[in-house]
Amino acid sequence: MRATFPAAWSAAQLAAMAPQQLEGCLGLLSQDAALRPDQLRAALGQAWRLWGSTGALEPAQTLRLGRLATQLSEPELRELLLPDWGALSALGELDSWSPEQMRAVVSAFLRQRGVSAQDLGLPELVALGHLICGLSAAELRGLDSQELRWVYAHGECGPSPGRGPRGEERAPPAALVQTAVLGPAHGHSMLPIPRSKAAPFLGSLSLRCTEQQAEVLAACLTSSAAFGPAATWGPEIFAEVGTLAAGLPDIVLSALVPEQIWALTPRAIAAVPAPKFAVVFGPAQLRTLSSIQAAAVTLGQRQWLSSAQRQALASAQLEGQAAQDGQGRSGARPQSGFSLVLLLCLTHCFL
């Protein structure tokens, strides 16, 4: 397997592997994004032969499952041991969960921690990653807007102000992120988790939230405790909140000025629901898009556009490409002139 790549192995071949062989290849299998669901299920079945049922899985084993965990059923996910945000962060990195699976993981975590969604602080919100969409709209409304601002505005997890849900002072998040958390109450040793994995910059993720959930998260970010009204946001804030800008109300998105539109990330543009996209972005706004932004518009979004909007979008994409081609040609001219001079000099030397 190491000589080829995991996706080259069929589901039947993976299922026929001895558990001991799988043990040595699990790291490769769990991280291969090219594996199909049937291959993931076959590898997961072998993992059960190694470790037993999900109820017996240790948090360290959950970390090792990687993408295989996305094939767990909802009951199995509810049985995972998630005593802290260390194991949760590994699951939060994965982006192929169904809404029901996300809800099962989040419910298990809240139940085992004995807290509600409104008690979640910076480490937990960051560790949730894609799983933040497992919180209901009502639970999202109860999140601390100030904590959300730190989650979205600080990719390296700056210190969060305030105290925890039980009144304890919070340790600096950077220290928390670098030292994980497989709780001593369960007899696990402390495992280091790289900051880039334990603290994903949530605004850069393509979250699979519903439109209602995205609107609630955007509303949290527009509160006075976070970034304030979106109408006052500068380009730097739009760049920081990333995909969550897609949840802003129609009236706000339709009133964006060119400087704010240019700050929308391509992922944020692609995240706007197709019907909403056709309503909030008229021809004038679509013409202001960069070629990269215009290319990010999905096929589903294009299908909702009027002929005038499609023409404006095509114009934005062509103008951007023409500008890039012009820069490339202007950069090539001096090189051509230099080559001609060099050729003349060499000709003169041989005469």
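Since we're looking at a predicted model, the values are computed, not measured.

**Looking at the packing of aromatic side chains**
Reasoning step 1: Enumeration according to the criterion identifies three aromatic pairs in this entry.
Reasoning step 2: Look at Trp233 and Phe238: their rings are 5.2 Å apart centre to centre, the planes differ by 70 degrees, and that puts the pair in the edge-to-face class. Per residue, the accessibility class of Trp233 equals that of Phe238, and both read buried.
Reasoning step 3: Geometrically, the ring pair formed by Phe277 and Phe281 is tilted, given 4.9 Å between the ring centres and 55 degrees between the ring planes.
Reasoning step 4: You can call Phe277 buried: its relative accessible area is 1%.
Reasoning step 5: When its relative accessible area of 4% is taken as the criterion, Phe281 is described as buried.
Reasoning step 6: Here the aromatic cluster, defined as three or more aromatic residues joined through ring pairs, consists of Phe227, Trp233 and Phe238.

**Some points on helix α7 (residues 99–113)**
Reasoning step 1: Taking 1.5 Å of rise per residue, the 15 residues of α7 would be expected to cover 21 Å, and the 21 Å separating its terminal C-alpha atoms lies within 8% of that figure.
Reasoning step 2: Where α7 is concerned, the buried positions are Gln101, Met102, Ala104, Val105, Val106, Ala108, Phe109 and Leu110.
Reasoning step 3: Looking at the buried side of α7, the elements it contacts are α5 (74–78), α6 (85–92), α8 (122–128) and α9 (137–141).
Reasoning step 4: Immediately beyond the C-terminal end of α7, within one or two residues, lies Gly114, with a positive phi of roughly 70 degrees.

**Remarks on the confidence of the model for the chain**
Reasoning step 1: Taken residue by residue, the chain gives an average pLDDT of 78. The fraction at 70 or more is 73%.
Reasoning step 2: Note that pLDDT drops below 50 for residues 154–200; the model gives that stretch 89 contacts with residues more than four away or on any other chain.
Reasoning step 3: For the stretch residues 330–351, pLDDT sits under 50, and the model shows zero contacts to residues farther than four places along the chain or on other chains.

How each quantity is defined
- Residues numbered from 1 in each chain as written.
- Predicted model: local features only at pLDDT ≥ 70, side-chain atom pairs only at ≥ 80, totals over all residues.
- Heavy atoms only, no water.
- Phe/Tyr/Trp six-rings, centres within 6.5 Å; stacked < 30°, edge-to-face > 60°.
- Buried < 20%, exposed > 50% of the residue type's maximum accessible area, 1.4 Å probe, protein only.
- Helix = DSSP H or I, 4+ residues; strand = E, 2+ residues; numbered from the N terminus.
- Expected span 1.5 Å × (residues − 1).
- Contact = heavy atoms within 4.5 Å.
- pLDDT = per-residue confidence, 0-100.

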